[in-house]
Amino acid sequence: MRLPRRPRLLLPVAIALVAIVALFFLFSGIYTDYLWFDSTGFTSVFSGVVLTQIVLFLVGAVLMVGIAGGNMLLAFRTRPMFGPAMFGGGSGADRYRMALDPHRKLIFIVGMGLLALFSGSSFSGQWKTWLQFINGASFGKQDQLFGMDISFFMFDYPFIRMVLNFLFTAVIISIVLAAITHYLYGGFRLQSPGVHASRAARIHLSALLGVFVLLKAVAYWIDRFGLVFSDRGFVHGASYTDVNAVLPAKTILAIIALICAALFFAGVVRPGGMLPGVSFGLLVLSAILIGGVYPALVEQFQVKPNQQGKEAAYIQRNIAATREAYNVDKTEVETYNAQADPTKVQANGDTSVSGVRLLDPALVSSTYEQTQRIRGFYSFADSLDVDRYPDSTGKLIDHVVGVRELTSPPEGQNNWINRALVYTHGYGFVAAPGNQVDSSGLPAYDAKDMPVIGPLVNSTKLKESRVYYGEEPASAEYVIAGGNPNNPQELDYPETGGTGQKNTTYIGQGGVPVGSFVNRLLYAAKYGEANIVLSGDVNDKSKILYVRNPRDRVQKVAPFLTLDGNPYPAIIDGRIQWIVDGYTTSNDYPYSQSESLGDMTRDTTTDRRVIAQQPSDKINYMRNSVKATVDAYDGTVKLYAWDNNDPVLKTWSNAFPGVVRPATEMSAELRQHVRYPEDLFKVQRYTLSRYHITDPAAFYSGQDFWNVPGDPTQGDKNIKQPPYYLTTTMPGGSPAFSLTTTFVPRQGPNLAAFMAVDSSGGSDYGRMRILRMPSSTPIPGPGQAQNSFQSRFAGELNLLGVGASSVRYGNLLTLPYAGGLVYIEPVYIQVAAGGGQEPYPILQRVLVSFGSKIGVARTLEEALQEVFGGEQQQQQQQPSDQQQAQPNTATSALNTAIANAKKAYSDAQKALQASPPDWDAYGDAQKRLEEALQALEGANAQQPQPSPTASPTASPSASPPASPSASPTASPTASPTGSPTGNTS
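Residues numbered from 1 in each chain as written. Predicted model: local features only at pLDDT ≥ 70, side-chain atom pairs only at ≥ 80, totals over all residues. Heavy atoms only, no water.

### Brief notes about the packing of aromatic side chains
- What the rule picks out here adds up to 50 aromatic pairs.
- Ring geometry for Y389 versus F429: centroids 6.1 Å apart, planes at 70°, classification edge-to-face. Of this pair, Y389 sits in strand 5 (residues 385-390) while F429 sits in strand 9 (residues 429-433), and the two are 40 residues apart along the sequence.
- Taking the relative accessible area as the measure of exposure, Y389 reaches 1% and is therefore buried.
- Ring geometry for Y725 versus F737: centroids 5.7 Å apart, planes at 5°, classification stacked. Residue Y725 is found in strand 27 (residues 724-728), and its partner F737 is found in strand 28 (residues 736-745); the two are separated by 12 residues along the sequence. As far as the burial class goes, Y725 and F737 line up, both buried. (Phe/Tyr/Trp six-rings, centres within 6.5 Å; stacked < 30°, edge-to-face > 60°. Helix = DSSP H or I, 4+ residues; strand = E, 2+ residues; numbered from the N terminus. Buried < 20%, exposed > 50% of the residue type's maximum accessible area, 1.4 Å probe, protein only.)

This is how it looks when you write it as C-alpha cells:
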C-alpha cells in the first residue's frame, strides 16, 4: 500500500527544516565570532586561522577519500567476473554481500562522507603545526648529535611526523577496506588449505602492503631524529644507548624495510605468497632483534654498570639544553656566607627591609571586600595583586591593588534587564601601600571609595574608573551597553542622594554594534535569548560586550600563546589596564628536560584556585615573549613583543604579520608596571632546583638537589610555597622590585638557597640571582622559622585570638639582611564584624626571625629592634632574691595587666560588632590592648622562677599570659635565658 503524497513529503521537509535551522545556528556562531574579532581589530587572526583550517580540512578530506575510497573502488572494479564461483562455491560472505549490494552506493557515499569529516577535522586541528612549518624561523644554533638547526626539531620534525601519521592511517584504512571489498565480492577466500586469492586481489593487497612497509622505512629514518627527545637514559635526550645502539639500529631497520618493501612489490609480478611472507617475517624479526633486543643488551650490560661515566657527555648536553630552553642559563649563583647570630652583625644602618610589604594579597582580599565593597553586588578577586606606585615623595612603594568588579544584581532583582542592561560594569581601583596600616590594623588606602579618591588617584591621573572587562565571573555572559545617552540606565555607582544611584552610558570603542536587526537576531540565536530582539532598550547605539575576562580575551586573539594564570590591573595613562603575560612554549627542544607545566607551576595559590591553573601539557621550552594589555573600559587588546630574540615568536609573527607590536610602542608608564611573570618564575625555580648544578658527575649524584619548600602557613608540606613580589635588596645592589623564592635541601629542613629575579622593568629586568647558603652555618628554613614563631609566641597570639577572633598567618617573607637572611611574617586577627558581615583579617603583629633570635611587635621596626639588640637585650631579669622580695607586687601587676587586656579586647569586639563598626573606638581599644600586653610581659618577667620540681600554681581559670615565650598549656619551666615561660600567678 502506497503512502499518500503529503505524508511522503513530510519527512524530507522536516529534514530540510532541521538542516536549515542547524545551518543558521552554525552560521550565527561563525559570523558573530567574526564580528567579535572585527571589533577588537584582530580579523587577520580570525581569517588566518579559519582559512588555514578550511584548507587543511579539504586537503585531509580529499586525500583520505582519494586514497581509501580509491582503493575501495579499485577493489570493486577488479572483482572476479564469476564471483565466489571461481573458488568452488559460496561462503559466509555471500549473505552480507546480498544484503549490502542493493545499497552499496549509499553506503559508500555515507561512509566516505564520515571518513572525510573525521580525517578533515583531525588534519585541520593541526593548523599550528602547519603554520610553524611554513613560517619557521631559524634558531641559529645546531644540535650536537645531527648538526641540524634547532628549528628543524621545533618546526619541521613535528610536521613530518604529522604527515607520516596521516599516510599510515590512510594506508591502513585502505588495506582494511580493500580486503573487505575483495572478500565480499569473491576476490579471496579463507578456506583450507590456505588463502585463495584472485590475481587482482593479490596484486592490489601486495602493493598496499608494500606501500605500508615503504612508509615504515621512511618512519625508521625519521625516528633517528626523534632520539633527541628520548627518555631512555638518566635524563631526557639521546643517551649512550640511543647514540651507540638505537641510532645505528634505526638506520639498519630503514634499509631492511626498504628491502622488504621491494619484496612486497615483487609479489605483484610473481605469484605466490612466499616473497610477502619472507619480507614480513624479516621485518618483524629485525624489529625485535635489532630494534629491541640489541639496545636492551647494551643498556643492561654496558651502561648500567658504568652509567655515570657512560652518560656523562649526554647529561652535559641535557644540562646545557635545559638551562637554555628554560632561559636560566644566565642565572648568577653565588655563595652567600650568611650570618646566623644577630649579635655579630650591625643592623642599625641597614634599611633594606624597612619598607618591606607586610600586607598579604591573599589574606587582605576579604578585608578589601568588607571595607571597600560598598554594595553586595561588587567583589574583589580572591587574591589581590602587588604592583608599585610612588608615595608623596615620589619613591616607589609596593602596593596591594584590586579593582571593584561586578558579580550580579541584588538578590530578587536578577532578571534579564538588570543582568544585561543595568548592572553592566564594576567601578573603581582600590590600592594600599603594602608596608603600612592605619591605627586599627586596616590597609591605609591611598585609592578608595566610589568615585575613586586618594593621593594615588591624583598622582596617576586616573580618569576612567569603570570596569567592563575584568577577572571576576559575572552572572551575565554578556552585557548590552551604550543605548540612549540622554537617558542613561547603566548603574555607575551607588550614591546617597536623588535616586540612590549614579547612572552612565557606555561610550567606549569596544563591543559589537547590535543596532541592526540581523545582528540582534544572530546574537539572540547565539545566546538563546529572544529579549535581544524584542527589547526596546536595545537601539542603534547599543553594543554587546562579551569575552570580558582579560585572560580569555588575549587567548582568543592570540591562540598561539600560553598565558600566565594571574593577570593584574595597573593604572596606565589614566586608565585601568589589565596586564597579561604571554608565553611561547614547546615540547620539541632537543635534549631539554620535558615536564608537566601544571606540575611545575603548582603551589598554594593554584591549589586554592585563587589564580588559574596551567594545563598538564608537557613542555621543555618556555619564553615570556609577549606582554599584553586589556583596557578595563573598552576591552582594547594590545600585544607587545617583549622577547625579540625568541624564534618561536618570530615564527608566529611571520604567520600573523602585524598582530604583535614592537616593544618600542610600549609607553613609559606601561614599562614601569611590567613585572616578571609568576608562572615562568615557578617553572624556572622548578628547573633550577636541579639544574643549578652544571657538573655532570655532581648532577648524577644528586646530593645537592634542592626542593621548593612547602608553604609553612598552610601546614601541608606537599603544597609548594608561592613566590612573592616585594622590594628586595640583594648583596651589593640597590632596592629593586623582585620576585623571590627559597630552596631547601632534598634532605633536611635548613635553608639551601634564596633566589630573586629583578622585576622592576628597568635595565636589570630579568636578572636572576641565587644566594647559596654555606654548608657550615645552618640557616633555618621556612618551616623551621614558622614553627619557631608559632611555639615562641603561642601565648600572646592565642590571647589575641580568643572569642570570635582567630589568628591568621600572612606570607612568610625571606630577605637578605645584615649579612644574613631574615624572616618576616605579618600576623592577622580575623574578626567577626557586626551587621552580618563575614569575618576579615586585620594586621596586629609582625614577627621577625634572624638565626635563633625572634621578635614580635606591632610594627616591623620594633620587631627588628627586638632581634638586633633592642628590647630583648635591655630586658634583663632581676636577681632571684629581688624576685622573692616582691612576689606580691609582681603578682598584683600581672593580674592587673590581664584584666586590662581582657577589658581592651572586650571593648574592641564591641566596636567591631557595631553596625557600622566604630573604627575609632576599635583603634583606641587596640592601643590599650597593646599597653596591657606590654605590661603583662613586664609583670611576667618579675615573677619568681620556679624550681624544676615545682608544681604549677596557676589557677585553671587564669587567662594565659602574652609573654613572647608564653604557652597557654605549658608547665612552668625556665627558658634558656632564665625567664619563666609559664604562668606562675
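### So, helix 10 (residues 307-325)
- An ideal rise of 1.5 Å per residue puts 27 Å on 19 residues; helix 10 measures up with 25 Å between its terminal C-alpha atoms.
- Along its length, helix 10 shows its largest kink, about 45°, at A313.
- Along its buried surface, helix 10 packs onto helix 8 (240-269), helix 9 (274-303), strand 21 (621-631), helix 21 (678-691) and helix 22 (696-701).
- With its phi angle positive at about 60°, N327 sits one or two positions after the end of helix 10. (Expected span 1.5 Å × (residues − 1). Bend = angle between axes of the 7 residues up to and from the residue. Contact = heavy atoms within 4.5 Å.)

### Quick look at the confidence of the model for the protein
- Chain-level statistics for the protein give a pLDDT mean of 86 and a share of 86% at 70 or above.
- Throughout residues 871-887 the model reports pLDDT below 50, and contacts reaching past four residues in sequence, or to other chains, amount to 26 contacts.
- Counting interchain partners and residues more than four positions distant, the pLDDT-below-50 stretch residues 944-985 has 73 contacts. (pLDDT = per-residue confidence, 0-100.)

### Focus on the nonpolar core
- Counting residues in hydrophobic clusters, the biggest one holds 150 residues, and the most contacted among them are F429, Y478, I480, Y523, I544, L639 and F656.
- Counting residues in each nonpolar core, the second largest holds 34 residues, with L358, A432, Y817 and L860 among its members. (Core = buried A, V, L, I, M, F, W, Y, C linked by side-chain atoms within 4.5 Å.)

### Considerations on the pairing of strand 18 (residues 575-586)
- The element strand 18 is largely enclosed, with a buried count of 10 among its 12 residues.
- One ladder, built from two bridges, connects strand 16 (residues 562-563) with strand 18; its direction is antiparallel. When the sheet's bridge partners are listed, L563 is paired in strand 18 with G582.
- Here strand 17 (residues 568-572) runs beside strand 18; their pairing, made up of five bridges, is antiparallel. Residue pairing in the sheet places I571 in a bridge with I576 of strand 18.
- Where strand 17 folds back onto strand 18 in an antiparallel hairpin, the turn is made up of two residues, including D573, whose phi is positive at roughly 55°.
- Relative to strand 21, strand 18 runs antiparallel, the two being bridged by nine bridges. Bridge assignment links G582 to a residue of strand 21, and that residue is V626. (Pairing = 2+ DSSP bridges.)

### So, unusual backbone geometry
- Cis rather than trans, the peptide bond between M450 and P451 has omega equal to -5°.
- Examined against the element boundaries, P451 turns out to sit in the loop between strand 9 and helix 13 (455-460).
- Even without glycine at this site, D573 takes up a positive phi of about 55°.
- Mapping D573 onto the fold places it in the loop between strand 17 and strand 18.
- At Y591, a residue that is not glycine, the phi angle is positive and equals roughly 75°.
- By the secondary structure assignment, Y591 is in the loop between strand 18 and strand 19 (595-596).
- For Y591, a relative accessible area of 3% translates into the label buried.

### A word on the environment of I829
- Summarising the element assignment, I829 is placed in strand 33 (residues 820-831).
- The spacing of I829 and V807 is 22 residues in sequence and 4.8 Å in space, taken between C-alpha atoms.

### Here's the deal with the packing of helix 4 (residues 104-124) against helix 6 (residues 150-184)
- In contact at an axis separation of 12 Å, helix 4 and helix 6 are set at 165° when each is read in the N-to-C sense. Regarding the angle of helix 4 to helix 6, the classification is roughly antiparallel. Along this stretch, helix 4 crosses helix 6, giving a crossing that reads as right-handed. Packed against helix 4, whose contacting residues are M112, L115, S119 and F123, the element helix 6 presents M162, F166, I173 and L177 at the interface.
- Partitioned by chemical class, the residues of the contact of helix 4 with helix 6 number seven nonpolar, one polar and no charged. (Axes fitted to C-alpha atoms, helices over the stretch in contact; angles between N-to-C directions. Parallel < 35°, antiparallel > 145°, perpendicular 65-115°, else oblique. Left-handed = near helix turned anticlockwise from the far one by under 90°. Nonpolar A, V, L, I, M, F, W, Y, C, P; charged D, E, K, R; others polar.)

### Comments concerning the environment of P709
- Structurally, P709 is set in the loop between strand 24 (706-707) and strand 25 (710-711).
- Through-space distance from the C-alpha of P709 to that of T741 is 9.1 Å; in sequence the pair is 32 residues apart.
- If we ignore the near neighbours within four places in the chain, the residues touching P709 are I719, K720, Q721, T742, F743, V744 and P782.

### Observations concerning the sheet that holds strand 15 (residues 543-546)
- Across the sheet, which stays open at both edges, the three strands sit in the order 11-15-14 with antiparallel pairing between neighbours. Edge strands, defined here as strands with exactly one partner in the open sheet, are strand 11 (478-481) and strand 14 (512-513).
- Two elements, strand 11 and strand 15, share four bridges in a ladder whose sense is antiparallel. Its bridge partner being in strand 15, V479 is matched across the sheet by L545.
- Most of the contacts of helix 14 (residues 517-527) go to strand 15, to which it runs at about 30°, and overall it touches strand 11, strand 14 and strand 15.

### As for the side chain of T504
- With respect to the helices, strands and loops of the structure, T504 is situated in strand 13 (residues 501-504).
- Residue contacts for T504: discarding those within four places in its chain leaves H425, R466, Y468, P488, Q489, E490 and D492.

### Quick notes on the sheet that holds strand 6 (residues 396-403)
- Spatially, the three strands line up as an open sheet ordered 5-6-9, and their pairing is antiparallel. Sheet topology places strand 5 and strand 9 at the edges, where each strand pairs with a single neighbour. Across the sheet, the mean angle from the axis of one strand to that of its neighbour is 40°, orientation sign disregarded.
- Across six bridges, the pairing between strand 5 and strand 6 is antiparallel. Note on strand 6: the bridge partner recorded for D385 is V401.

### So, the pairing of strand 9
- In terms of burial, strand 9 is largely enclosed, as five of its five residues are buried.
- Where strand 6 and strand 9 come together, five bridges link them in antiparallel fashion. Considered in strand 9, the bridge of V403 is made with F429.

### Things to note about the packing of helix 6 against helix 7 (residues 199-223)
- Direction vectors running N to C along helix 6 and helix 7 enclose 160°, while the axes themselves pass 10 Å from each other. The orientation of helix 6 with respect to helix 7, classified from their angle, is roughly antiparallel. Judged by the sense of rotation from one axis to the other, the crossing of helix 6 with helix 7 is left-handed.
- Considering only residue class, the contact of helix 6 with helix 7 consists of 21 nonpolar, three polar and three charged.

### So, the side chain of E472
- In this fold, E472 is placed in the loop between strand 10 (466-467) and strand 11.
- The buried charged residue E472 lacks any salt bridge, with R373 as its nearest oppositely charged partner at 9.4 Å.
- Here S379 takes part through its side chain, which lies 3.3 Å from a polar atom of the side chain of E472.
- Not counting residues within four places of it along the chain, the set of residues in contact with E472 comprises S379, F380, A381, D382 and E405. (Lys, Arg positive; Asp, Glu negative; His and termini not counted. Salt bridge = Lys/Arg side-chain N within 4 Å of Asp/Glu carboxyl O. Polar contact = N/O pair within 3.5 Å; in protein donor to acceptor, adjacent residues only side chain to side chain.)

### A short note on the pattern of salt bridges
- One pass over the structure, following the stated rule, counts 23 salt bridges.
- A salt bridge links R232 to D242; its shortest N-O distance comes to 3.0 Å. One end of the pair, R232, is in the loop between helix 7 and helix 8; the other, D242, is in helix 8, and 10 residues separate them in sequence.
- Here R690 makes a salt bridge to E595, at a shortest N to O gap of 3.2 Å. Within this pair, whereas R690 is found in helix 21, its partner E595 is found in strand 19, the two being separated by 95 residues in sequence. The pair R690 / E595 is uniform in exposure class, with both members buried.
- A single network of salt bridges, built from pairs that share partners, joins R161, D223 and K250.

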